[in-house]
Amino acid sequence: MSKVTIKVNDNGSFRITGDVELVDAEGNPFVTKPTFSLCRCGRSANAPFCDGSHKGVFESVVRAPKPSED
């Protein structure tokens, strides 16, 4: 199984890359490409996919914690 990468874009979407199946609450699959973006702001008219509606109105910058140097 290939590794899946989910990138949290600054002020934008989740960028998904890799072999992943995206399903709805009933288990029905969405048609996806090898790389696609999921909405994180709740404004997309094409949910769960990002349509760029976040631009200029959604601010969120998330960083992974840095490993502690014990």
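Details of the structure are given in the entry above.
All figures in this text were calculated on a predicted structure; none of them were measured in a lab. (Residues numbered from 1 in each chain as written. Predicted model: local features only at pLDDT ≥ 70, side-chain atom pairs only at ≥ 80, totals over all residues. Heavy atoms only, no water.)

As for the packing of aromatic side chains
Applying the stated criterion across every chain, the model contains two aromatic pairs. With a centroid separation of 5.8 Å and 90 degrees between ring planes, the pair formed by F30 and F49 is classed as edge-to-face. You can see F30 sitting in the loop between strand 2 (14-17) and strand 3 (35-38) and its partner F49 sitting in the segment after strand 3, a full 19 residues away along the chain. Among the residues examined, F49 registers a relative accessible area of 15% and is labelled buried. On the numbers, 5.9 Å between centres and 75 degrees between planes, the contact of F36 with F49 is edge-to-face. You can see F36 sitting in strand 3 and its partner F49 sitting in the segment after strand 3, a full 13 residues away along the chain. The exposure classification of F36 matches that of F49, with both residues buried. (Phe/Tyr/Trp six-rings, centres within 6.5 Å; stacked < 30°, edge-to-face > 60°. Helix = DSSP H or I, 4+ residues; strand = E, 2+ residues; numbered from the N terminus. Buried < 20%, exposed > 50% of the residue type's maximum accessible area, 1.4 Å probe, protein only.)

Details of the side chain of S44
Mapped onto the fold, S44 is located in the segment after strand 3. For S44, a relative accessible area of 12% puts it in the buried group. Polar contacts involving the side chain of S44 include one to the main-chain amide nitrogen of N46, which spans 3.0 Å. Engagement of the side chain of S44 in a polar contact is seen with the backbone oxygen of F49, the distance being 2.6 Å. Those residues in contact with S44, other than ones at most four positions away along the chain, are C39, F49, C50, D51 and S53. (Polar contact = N/O pair within 3.5 Å; in protein donor to acceptor, adjacent residues only side chain to side chain. Contact = heavy atoms within 4.5 Å.)

Read these as spatial facts, not as claims about activity.
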